[in-house]
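Each chain, letter by letter, is given below.
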Amino acid sequence: MESTFITGSTGFVGKNLLKSLVKDTELTEFYLLVRNIEKAKRILAEIIEEAKRINKEVIFLEGNITKKYLSLSEDNTYLIKDVEEVYHLAANISLSKKDRDNVTRVNLNGTINLFNMIKDFSRLKKTYYFSTGYICGKGKQVVKEEWIIDKKEFRNPYEESKYLAERFIKEFTDSYNIPVTIIRPTIIGTDNKLKYKELVNQTIYYYADILRKAVLLQENNKPIRLVGKPDITFNLITIEDLIKILIKIRALKQSSKIYHLASKSNFSVSSYLEGIKEAIGFNSEYKFVNTDDFKNTTVAENFINKKTENYFEYDLDSYIQLDVQNIQEIGKELEIEDRDNKWIKNHIKDFLLSTKNEFIKKI
């Protein structure tokens, strides 16, 4: 039987990946590292039922990625020693500098713990490590699909922890000859309106929701100042495209490569804000300022700043371009849509309009 070991299966990406691995691959046994088995079973209930329906098995192993041997029992450790594939998605995605210790413990130490285990897996054929497209840190740059070295300036502990984890993996795999594919996704969105509620507290969706709330606090439709620069850009890939590409990568013979899972082109923040304005009926304008110039703030501006301070580093310095050479042919074969500024404007507008009723219930 073909089997796999997965960390982070209850997260947004992990859940969608597990669903596709169950439905669309020859894998039959899925060992999942989770902190709380009962909670994980509730989150993954539909996938468990689907697996049973097609005679596949989902096995939950209680443990902790931050502990030596992942806190797995001796029996559970024995269960996974013959798996053919490993997917490491478990991560602390906090951007807060206050969470440095926890972020490092999960993202770096957890990766070290996992690799120290899998180096002894005799049947291991493929390992997938989920990093981030923002591993390159600060500054205007084109990021290649290759190992990144000698980076020193990062926007937050999350970026730094992922960079250090990749550095560790590079040195570790050179020593133990473990086949590792590095997956660097950018911001993750969705084409599925039913999944909006799972993303409402993340990245561009969270920021849009905060701006929607702030308008209710602003007097007389006055302009709202935002920390940032008008020429910054960002990149996004939908979870639907990401999973399709991942499944295709898995089918390839090459098992050690770096892939940027990102859109071909970046999106402008101005197009994103236009979509927000149209959705919430904000008839004034957003003005960008540096943090040092932000004085005499309004109630709405104070609210935005308090809720989005972890994004300031991106609002002021987001000029990276991700090289996507390694997925270009895959994208063509899968007919992945090229998305542009018009798409992001309509997308964030659709998100806000689709979640309007839930928003109204909360206010």
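This write-up is about the structure you can find in this document. Starting from 1, residues in each chain are numbered consecutively following that chain's sequence as written. Only residues with pLDDT of 70 or above have their local features reported here, since the model is predicted, and side-chain atom pairs are shown and tallied only from 80 upward, although totals for entire chains, interfaces and linings are computed over all residues. Just so you know, side-chain values use all the structure's heavy atoms and leave hydrogens and water out.

## Here we look at a nonpolar patch on the surface
Link 1 in the chain: Like-charged residues are merged into a patch within 9 Å and nonpolar side chains (Val, Leu, Ile, Met, Phe, Trp, Tyr) within 5 Å, provided each residue has over 30% relative accessible area and no salt bridge. All accessibility values rest on the Shrake-Rupley procedure with a 1.4 Å probe; residue burial counts only the protein chains present in the view. Each reported salt bridge corresponds to a side-chain nitrogen of Lys or Arg within 4 Å of a carboxyl oxygen of Asp or Glu. Taken together, the side chains of Leu216, Leu217 and Val299 make up a nonpolar region of the molecular surface, amounting to roughly 280 Å² of accessible area.
Link 2 in the chain: Put simply, DSSP H or I for four residues or longer makes a helix, DSSP E for two residues or longer makes a strand, and each gets a number counted from the N terminus. As for its placement among the helices and strands, Leu216 is situated in the loop between helix H8 (203–215) and strand E9 (224–227).

## A short note on the environment of Glu2
Link 1 in the chain: Its place among the elements puts Glu2 in the segment before strand E1 (3–7).
Link 2 in the chain: Spatially, the C-alpha atoms of Glu2 and Val142 are 38 Å apart, while their sequence positions differ by 140 residues.

## Quick notes on the sheet that holds strand E2 (residues 29–34)
Link 1 in the chain: Judged by pairing direction, the sheet is parallel, and its 7 strands sit side by side in the order E3-E2-E1-E4-E5-E7-E12 without closing on themselves. Edge strands, defined here as strands with exactly one partner in the open sheet, are strand E3 (57–62) and strand E12 (258–261). Taking the axes of each pair of neighbouring strands and ignoring which way they run, one obtains an average angle of 20° across the sheet.
Link 2 in the chain: Strand pairing requires that DSSP identify at least two bridges connecting the strands. Pairing of strand E7 (residues 180–185) with E12 involves 4 bridges; the strand directions are parallel. Across the sheet, residue Pro185 finds its bridge partner in E12, namely Leu261.
Link 3 in the chain: Together, E1, strand E4 (85–88), strand E5 (126–130) and E7 form the strand contacts of helix H5 (residues 100–118), whose direction differs from that of E4 by roughly 170°. Only the stretch in contact is used when a helix axis is fitted, and all axes are lines through C-alpha atoms; the angle between N-to-C directions ranges over 0 to 180 degrees. Pairs of residues are marked as contacts when any of their non-hydrogen atoms sit within 4.5 Å.

## A short note on the packing of aromatic side chains
Link 1 in the chain: A pair of Phe, Tyr and Trp rings is counted when the ring centres sit within 6.5 Å of each other, with Trp represented by its six-membered ring. The angle between the planes then sorts it: under 30 degrees is stacked, over 60 is edge-to-face, the rest tilted. Considering all chains together, one arrives at 16 aromatic pairs under this definition.
Link 2 in the chain: Both rings, one in Tyr134 and one in Tyr314, keep their centres 5.5 Å apart while their planes meet at 85°; by these two values the pair is edge-to-face. Of this pair, Tyr134 sits in the loop between E5 and strand E6 (141–143) while Tyr314 sits in helix H12 (residues 312–316), and the two are 180 residues apart along the sequence. Considered together, Tyr134 and Tyr314 belong to a single accessibility category, that of buried residues.
Link 3 in the chain: An angle of 50° between the planes, with centres 5.8 Å apart, marks the rings of Phe234 and Phe267 as tilted. Here Phe267 lies in strand E13 (residues 267–268) and Phe234 lies in strand E10 (residues 233–234), a separation of 33 residues in the sequence. With respect to class, Phe234 is no different from Phe267; both count as buried. Accessibility here uses a 1.4 Å probe with only protein chains present; expressed as a share of the type maximum, an area under 20% marks a residue as buried, one over 50% as exposed, and anything in between as partly exposed.

Any link to function would need more than the numbers given here.
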